[in-house]
Amino acid sequence: MTNTDEVQDKVAIVTGGASGIGDATVLAFVENGALGVVIADIQDEKGQKLAESMGTTRSIYIHCDATDENQFKSLVESTVQLYGHLDIIFCSARRHPELW
């Protein structure tokens with residue numbers, strides 16, 4: 001990211017945020033001043049470790065299967081309840097091959 005103003009003080013959800021492109025996106029958002037980043041994934045151990053490494057005041061992990069509408073709705077509601085608003089949803093979650 002080149003313009004830190006784009007995410008400065010923003011609240012973001014990153015689906016698939018525990019690894020790969022999602023992990024890199026979480027790091028970029030935090031490094032560029034995001035107020036809060038919610039790591040949403042089904043990889044609980046990786047997601048929790050990443051959130052801890054970012055600092056619990058800047059990032060949290062919430063288990064969410066992004067293909068489940070009810071879980072996704074709950075994720076958004078939890079984010080708004082925690083931070084008061086939601087500015088960005090970055091979707092990098094992908095279907096697992098066994099689900100295709």
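Scroll up to find the structure this text is about.
The notes below deal with the structure included here.

Cut-off values and rules
- Residues numbered from 1 in each chain as written.
- Predicted model: local features only at pLDDT ≥ 70, side-chain atom pairs only at ≥ 80, totals over all residues.
- Heavy atoms only, no water.
- Helix = DSSP H or I, 4+ residues; strand = E, 2+ residues; numbered from the N terminus.
- Expected span 1.5 Å × (residues − 1).
- Buried < 20%, exposed > 50% of the residue type's maximum accessible area, 1.4 Å probe, protein only.
- Arc of directions from axis to C-beta.
- Contact = heavy atoms within 4.5 Å.
- Polar contact = N/O pair within 3.5 Å; in protein donor to acceptor, adjacent residues only side chain to side chain.
- Pairing = 2+ DSSP bridges.
- Right-handed = clockwise from strand over helix to strand, strands pointing away.
- Axes fitted to C-alpha atoms, helices over the stretch in contact; angles between N-to-C directions.
- Disulfide = S-S within 2.5 Å.

1. Looking at helix α3 (residues 69-83)
Consideration 1: The terminal C-alpha atoms of α3 lie 21 Å apart, and with 15 residues this matches the ideal 21 Å at 1.5 Å per residue to within 8%.
Consideration 2: For α3, the complete set of buried residues consists of L75, T79 and Y83. Taken down its axis, α3 places every buried residue within 30° of arc, on the same side. Exposed side of α3, more than 90 degrees from the buried face: E69, N70, K73 and Q81 are the residues found there.
Consideration 3: Structurally, α3 contributes buried residues whose contacts are with β1 (11-15), β2 (36-41) and β3 (59-63).
Consideration 4: Between the side-chain oxygen of the N-cap and the backbone nitrogen of N70 there are 2.9 Å, and the N-cap of α3 in question is D68.
Consideration 5: In the segment just after α3, G84 is the residue with positive phi, at about 90°.

2. Re helix α2 (residues 44-54)
Consideration 1: Taken as a whole, α2 has its buried residues at G47, L50, A51 and M54. Down the axis, α2 shows its buried residues gathered within 100° of arc, on one side only. In α2, those exposed residues whose orientation departs by more than 90 degrees from the buried face are E45, K49, E52 and S53.
Consideration 2: Check the buried side of α2 and you find it contacts α1 (20-31), β2 and β3.

3. Let's talk about the pairing of β2
Consideration 1: Taking burial as the measure, the six residues of β2 include six buried ones, the bulk of the element.
Consideration 2: Alternating positions in β2 separate into two faces, G36, V38 and A40 on one and V37, I39 and D41 on the other, with burial throughout.
Consideration 3: Two strands pair when backbone bridges link them, and β1 and β2 are joined in this way by five bridges, in the parallel orientation. Bridging across to β2, T15 finds its partner in A40.
Consideration 4: Taken together, β1, α1 and β2 constitute a β-α-β crossover, and its handedness is right-handed.
Consideration 5: With five bridges joining them, β2 and β3 adopt parallel strand pairing. If you follow I39 over to β3, its bridge partner there is Y61.

4. What to know about the sheet that holds β1
Consideration 1: Strand order in the open sheet formed by four strands is β3-β2-β1-β4, with parallel pairing between adjacent strands. Each end of this open sheet is capped by a strand with a single partner; those strands are β3 and β4 (88-91). When strand polarity is set aside, the average angle formed by the axes of neighbouring strands in this sheet is 20°.

5. Quick look at the state of the cysteines
Disulfides are covalent bonds that link the sulfur atoms of two cysteine residues.
Consideration 1: For the structure on display, the rule yields zero disulfides.
Consideration 2: Not engaged in a disulfide, the cysteine C64 finds its nearest cysteine sulfur in C91; these two sulfurs lie 9.9 Å apart.

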